[in-house]
Amino acid sequence: MQVTQTSSEGLKQEFKVVLPAGDLAAKLAAQLAEVQAKAQIKGFRPGKAPIGHLKKLYGKSIMSDVLQEAVNEANRKIVEDHQFRIAVEPKLDFPGGQDEVERALAAEGDFAFTVTFETLPKFEVGSLDDIALERPVAEVADDDITTALKNLADRVQEFEPRAEGAKAETGDKLTIDFTGKLDGVPFEGGTGGDIDIVLGSGTFIPGFEDQLAGAGAGEERVVKVKFPEDYSATHLAGKDAEFDVTVKAVAAPKAIEIGEELAKKYGFETFDAMKEAVKGNLEADFHKVSRDKLKRALLDALDSRYSFDLPQSLVDQEFNNIWAQHEAESQRAGQPVAEEGKTEEETRAEFRKIAERRVRLGLVLAEIGQEAGVKVEDKDLTEALVERARMFPGQEKQVWDFYRNNEQALAQLRAPIYEERVVDHISKLIKITDKTVTKDELFKEDEE
């Protein structure tokens, strides 16, 4: 095997590999000898079929395996000799074309190919103890617990029929039939019967509920609305429509005590136990947001700290994934892929920067994790897999089997867990100062 490096540009390394015909013929002969010892060919005694005959029958198939093994061996040797860390699978090219490949398969000529490796960049992580970050924290207030309890009460809200002739008020539940029309013609999906709607809930098209205020049971109304420009059904987005509505019943909300009665509805023995559970859930939510903001600040710090060449194949893969998701979301919303005020080219450039950031941070976190010996335990992966399976009621076994039998899917499940473990490790090395903020400040969306 002759290996010659033909190019070295940044992270891309190219080699020419020549496998001499004599070496290939020797490998083929050895394989055919093994086949001869086991072969039972009609017309020949076991193990006595002529090599020439076996070559005609199996030569090309065996040689194909020989070539594949030789290519793999050559690639392994190059990687080991140069201590490469490969970013993606190496790219093969056969400059001699199909004719040369056919001659090699017949063991009648040398087999030459070029292989291009894109390697991972080398960089020093260095010390991280000079990074200082603030972690926003907020206390769960009594008002937060009260609001959460009220929301829970709203979820189990019961209604009782209003007196005959009573008019609907905000908060009332109406049972209605409706037929939607565009230019006087009913449209697909615009008809409903025995539909419940709570006035003021904002669950219907903007303006729909408002026009039913003051309606009574048995009353018919024509409701005129304009579908939002970003409405999910693109054939309706931005269009004016009319709905013929018949109010079949009006029911008023039934008062529910936010106390022992509510606790029993949710399966708690006492109201105090329910309040403690609600407080615990709120504290967990506050902690998660606090951690997410600290993580974002940490990633920003790491992103600005390191600068090195990125494997373009990894950047391209990440960009393609991001862009495909963006295109799908834009299509669902009936919007152009170009962001507001930007051309598609400018939007693509911004998304590529996001891809570069993700790849850079992924490499940095991987390097830090490797140096620190961070690992994902089997129990962590099992917990994540159980949680994922729970997202598909009735299909838990199929989900479980899919991940257990698909190493790539399992790796995708493992990656975010590993990232969190590395973030936990880094958090122990840097200086973190807690900063008390209000709940609104904590939950305020960060500006991109």
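See the structure shown above.
Residues numbered from 1 in each chain as written. Predicted model: local features only at pLDDT ≥ 70, side-chain atom pairs only at ≥ 80, totals over all residues. Heavy atoms only, no water.

Enquirer: Go over the pattern of salt bridges, please, and point to the residues and values.
Expert: Considering all chains together, one arrives at 32 salt bridges under this definition. As a salt-bridge pair, Lys77 and Asp81 come within 2.7 Å of each other at their nearest N and O atoms. Highlighted residues: Lys77 and Asp81, both in helix α2 (residues 51-82), separated by four residues, approximately one helical turn. In this structure Asp81 comes out as partly exposed when scored by relative accessible area, which is 49%. Residue Asp194 pairs with Lys248 through a salt bridge whose shortest N-O separation is 2.6 Å. Taken as a pair, Asp194 in strand β8 (residues 185-198) and Lys248 in strand β10 (residues 240-254) lie far apart in primary sequence, 54 residues in all. One connected set of salt bridges, linked through shared partners, spans Arg291, Lys295, Glu419, Glu420 and Asp424. (Salt bridge = Lys/Arg side-chain N within 4 Å of Asp/Glu carboxyl O. Helix = DSSP H or I, 4+ residues; strand = E, 2+ residues; numbered from the N terminus. Buried < 20%, exposed > 50% of the residue type's maximum accessible area, 1.4 Å probe, protein only.)

Enquirer: Describe the packing of helix α7 (residues 312-333) against helix α8 (residues 344-372), and please don't skip the residues or the numbers.
Expert: Running from N to C, α7 and α8 point in directions that differ by 125°, and their axes come no closer than 8 Å. Between α7 and α8, the interaxial angle falls into the category oblique. Read as a crossing pair, α7 and α8 show a hand that is right-handed. Note on element contacts: α8 touches α7 through Glu344, Thr347, Arg348, Phe351, Arg352, Ile354, Ala355, Glu356, Arg358 and Val359, opposite Gln312, Leu314, Val315, Asp316, Glu318, Phe319, Ile322, Trp323 and His326. Here the contact of α7 with α8 is built from residues that sort into nine nonpolar, three polar and seven charged. (Axes fitted to C-alpha atoms, helices over the stretch in contact; angles between N-to-C directions. Parallel < 35°, antiparallel > 145°, perpendicular 65-115°, else oblique. Left-handed = near helix turned anticlockwise from the far one by under 90°. Contact = heavy atoms within 4.5 Å. Nonpolar A, V, L, I, M, F, W, Y, C, P; charged D, E, K, R; others polar.)

Enquirer: Explain unusual backbone geometry to me, and be specific about the residues and the numbers.
Expert: Non-glycine residue Asp183 carries a positive phi angle of around 55°. Tracing the backbone through its elements, the reader meets Asp183 in the loop between β7 (173-182) and β8. Positive phi, close to 55°, is recorded for Asp194, a residue that is not glycine.

Enquirer: Any chance you could break down the nonpolar core for me, citing the residues and the numbers?
Expert: Judged by nonpolar contacts, the single largest core of 32 residues is most densely connected at Leu128, Leu302, Tyr306 and Ile426. Taken together, the elements giving at least two residues each to this core come down to α6 (271-305), α7, α8 and α11 (407-427). Ranked by residue count, the leading element in this core is α8, at eight residues. Excluding residues within four positions of it along the chain, Leu302 makes contact with Leu128, Ile131, Leu361, Val364, Leu365 and Ile426. Ile176, Phe187, Ile197 and Phe243 belong to the second largest nonpolar core, which has 22 residues in total. (Core = buried A, V, L, I, M, F, W, Y, C linked by side-chain atoms within 4.5 Å.)

Enquirer: So what's going on with the pairing of strand β2 (residues 12-19)? Which residues, and what values?
Expert: Sheet analysis places strand β1 (residues 2-9) next to β2, joined by seven bridges and oriented antiparallel. Residue pairing for β2: Ser7 is matched across the bridge by Glu14. Summarising the sheet, β2 and strand β4 (residues 111-118) pair through eight bridges and their orientation is antiparallel. Residue pairing for β4: Val18 is matched across the bridge by Ala112. (Pairing = 2+ DSSP bridges.)

Enquirer: Before we move on, could you go through the packing of aromatic side chains and cite the residues and values that matter?
Expert: Tallying each qualifying case throughout the model produces 21 aromatic pairs. Between the aromatic rings of Phe178 and Phe243, the centroid separation amounts to 5.9 Å while the plane-to-plane angle is 70°, which identifies the pairing as edge-to-face. Taken together, the residues span a long stretch of sequence, with Phe178 in strand β7 and Phe243 in strand β10 at a distance of 65 residues. The burial state of Phe178 is the same as that of Phe243; both residues are buried. (Phe/Tyr/Trp six-rings, centres within 6.5 Å; stacked < 30°, edge-to-face > 60°.)

Enquirer: Which residues make up the sheet that holds β2, and what are the values?
Expert: Pairing in this open sheet of four strands is antiparallel, and the strands run β1-β2-β4-β3 from one edge to the other. Where the open sheet ends on each side, the last strands, each with one partner, are β1 and β3 (91-93). Neighbouring strand axes in the sheet, compared pairwise and without regard to direction, differ in orientation by 20° on average.

Enquirer: I'd love a proper account of the side chain of Lys293, names of residues and values included.
Expert: By the secondary structure assignment, Lys293 is in helix α6. In this structure the side chain of Lys293 is engaged in a polar contact, spanning 2.9 Å, whose partner is the backbone oxygen of Leu442. (Polar contact = N/O pair within 3.5 Å; in protein donor to acceptor, adjacent residues only side chain to side chain.)

Enquirer: Explain the environment of Lys275 to me, and be specific about the residues and the numbers.
Expert: Along the polypeptide, Lys275 turns up in helix α6. Residue Lys275 is classed as partly exposed on the basis of its relative accessible area of 32%. Each C-alpha atom, one on Lys275 and one on Tyr306, is 47 Å from the other, the two residues being 31 residues apart in sequence.

Enquirer: Residue-level account of the side chain of Glu209, with values.
Expert: Along the chain, the position of Glu209 falls in the loop between β8 and β9 (220-226). It is Arg221 that comes nearest to the buried, bridge-free Glu209 among opposite-charge side chains, at 13 Å. A polar side-chain atom of Glu209 sits 2.9 Å from the main-chain amide nitrogen of Gly200. When residues no more than four places from it in sequence are discounted, the contact partners of Glu209 are Ile197, Val198, Leu199, Gly200, Ser201, Gly202, Thr203 and Phe204. (Lys, Arg positive; Asp, Glu negative; His and termini not counted.)

Enquirer: How would you explain the environment of Glu160 if you had to name every residue and give the values?
Expert: Residue placement: Glu160 occurs in strand β6 (residues 158-161). Overall, the relative accessible area of 41% leaves Glu160 in the partly exposed class. The sequence separation of Glu160 and Lys254 amounts to 94 residues, and the corresponding C-alpha distance is 6.2 Å. Excluding residues that lie within four positions of it along the chain, Glu160 makes contacts with Ala251, Ala252 and Lys254.

Enquirer: Outline α8, listing residues and values.
Expert: For α8, built from 29 residues, the straight-helix expectation of 42 Å at 1.5 Å per residue is met to within 8% by its first-to-last C-alpha distance of 42 Å. Three or more residues of α8 are buried, namely Thr347, Phe351, Ala355, Val359, Arg360, Leu361, Leu363, Val364, Leu365, Glu367, Ile368 and Gly369. Where α8 is buried, its residues contact α6, α7 and α11. Within two residues after α8, Gly373 carries a phi angle of roughly 70°, on the positive side. (Expected span 1.5 Å × (residues − 1).)

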